[in-house]
Amino acid sequence: MATAVDAAKVDEDTVWQARCELAACYRLCALFGWDDHVATHASYRLPDGTFLLNPFNLMFEEITASNLIRVDIEGNVIEPEDGQMNPAAYTVHSAVLDGRPDVNAAIHLHTRDGMAVSAHKDGLLPLTQTAMLIHHDIAYHEFEGIVFDPAERERLQADLGEKNVLILRNHGTLTCGQSMAAAFGRMFILESACAAQIAAMSMGDVHMPKPDVIAHMNETMSNPWAEQFTMMTMWPAMLRKAQRECPGFDQ
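To keep things clear, this report deals only with the structure shown in the data block.

Criteria and cut-off values
Residues numbered from 1 in each chain as written. Predicted model: local features only at pLDDT ≥ 70, side-chain atom pairs only at ≥ 80, totals over all residues. Heavy atoms only, no water. Helix = DSSP H or I, 4+ residues; strand = E, 2+ residues; numbered from the N terminus. Buried < 20%, exposed > 50% of the residue type's maximum accessible area, 1.4 Å probe, protein only. Contact = heavy atoms within 4.5 Å. Axes fitted to C-alpha atoms, helices over the stretch in contact; angles between N-to-C directions. Parallel < 35°, antiparallel > 145°, perpendicular 65-115°, else oblique. Left-handed = near helix turned anticlockwise from the far one by under 90°. Nonpolar A, V, L, I, M, F, W, Y, C, P; charged D, E, K, R; others polar. Pairing = 2+ DSSP bridges.

**Structural notes on the environment of L97**
Part 1: Looking at the element boundaries, L97 is found in helix 2 (residues 87-99).
Part 2: Residue class for L97 comes out buried when judged on its relative accessible area of 1%.
Part 3: When the C-alpha atoms of L97 and Q157 are compared, they prove to be 9.2 Å apart, with 60 residues separating the residues in sequence.
Part 4: Among all residues touching L97, those that are not within four sequence positions of it are S43, R45, F51, V103, N104 and A105.

**A short note on the packing of helix 3 (residues 112-119) against helix 6 (residues 180-201)**
Part 1: Their axes nearest at 8 Å, the elements helix 3 and helix 6 cross at an angle of 70 degrees. Considering their axes alone, helix 3 and helix 6 lie roughly perpendicular with respect to each other. Taken as a pair, helix 3 and helix 6 cross one another with a handedness that is left-handed. On helix 6, the residues touching D113, G114, A116 and V117 of helix 3 are E191, C194, A195, Q197 and I198.
Part 2: Tallied by class, residues from the contact of helix 3 with helix 6 come to 5 nonpolar, 2 polar and 2 charged.

**Brief notes about the sheet that holds strand 6 (residues 138-141)**
Part 1: Spatially, 8 strands are ordered 4-3-2-1-5-8-7-6 in an open sheet, and the strand pairing comes out mixed. Strands at the two margins of the open sheet, each flanked by one partner only, are strand 4 (77-79) and strand 6. The mean angle between the axes of side-by-side strands here comes to 25 degrees, regardless of whether they run parallel or antiparallel.
Part 2: Summarising the sheet, strand 3 (residues 69-71) and strand 4 pair through 2 bridges and their orientation is antiparallel. By the bridge assignment, V71 is partnered in strand 4 with V77.
Part 3: Sitting on the sheet, helix 2 touches strand 1 (41-45), strand 2 (51-53), strand 3, strand 5 (105-109) and strand 8 (172-177), and the angle it makes with strand 1 is about 40 degrees.
Part 4: Where helix 6 meets the sheet, its contacts fall on strand 1, strand 5, strand 7 (165-168) and strand 8, and the angle it forms with strand 8 comes to roughly 150 degrees.

If you want it as structure tokens, here you go:
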């Protein structure tokens, strides 16, 4: 039987693991060129219902496990007490985490390709195999200005619904998942698909897959095995990459 000390240690270890995984996410985003100076953000829900965010004054390449801030769902910075919080980050991530009990991690970016696709009238097209990995799982949210208004939280929640990928029109991209692995895996796929779409459309007419093939892919990729692959195979490989190329994130 686990003792109180054992339980406390497990909880402490769980929190530190969450910090390390979120810090790795930030560093990998910077490594892939997805960052936007000190803007954009990723979150990870902790077992007590609070969640981790990046401090507003640091770039993604500076994020470590220990300098992440912890915020409650009402928007109070719990630790450190003088931690700087981006109000838009709170609005976006509190909306996602509060509205979706099944979601523990979310990532929001402003990449050039993501912003370009968000401004295209058709959004993300099922042009490539990569795009079709997530095409069934995409929702859209209309642009309302910088996300400072707490009232927008309800509209973000309604537009996201049960999907795990949200394209914020004329703004950027967002992915979420039960784990950091799932949220990051979806973002990797989404950003790759956006980049491929922009490149393909820059050459002129594009060739669309047959509708029955798109429908088959939508059905196939709705299977839980896709997320299991991300959690069991892709994310561990990404963590090893972070250890090699972004040392210090787990400090």
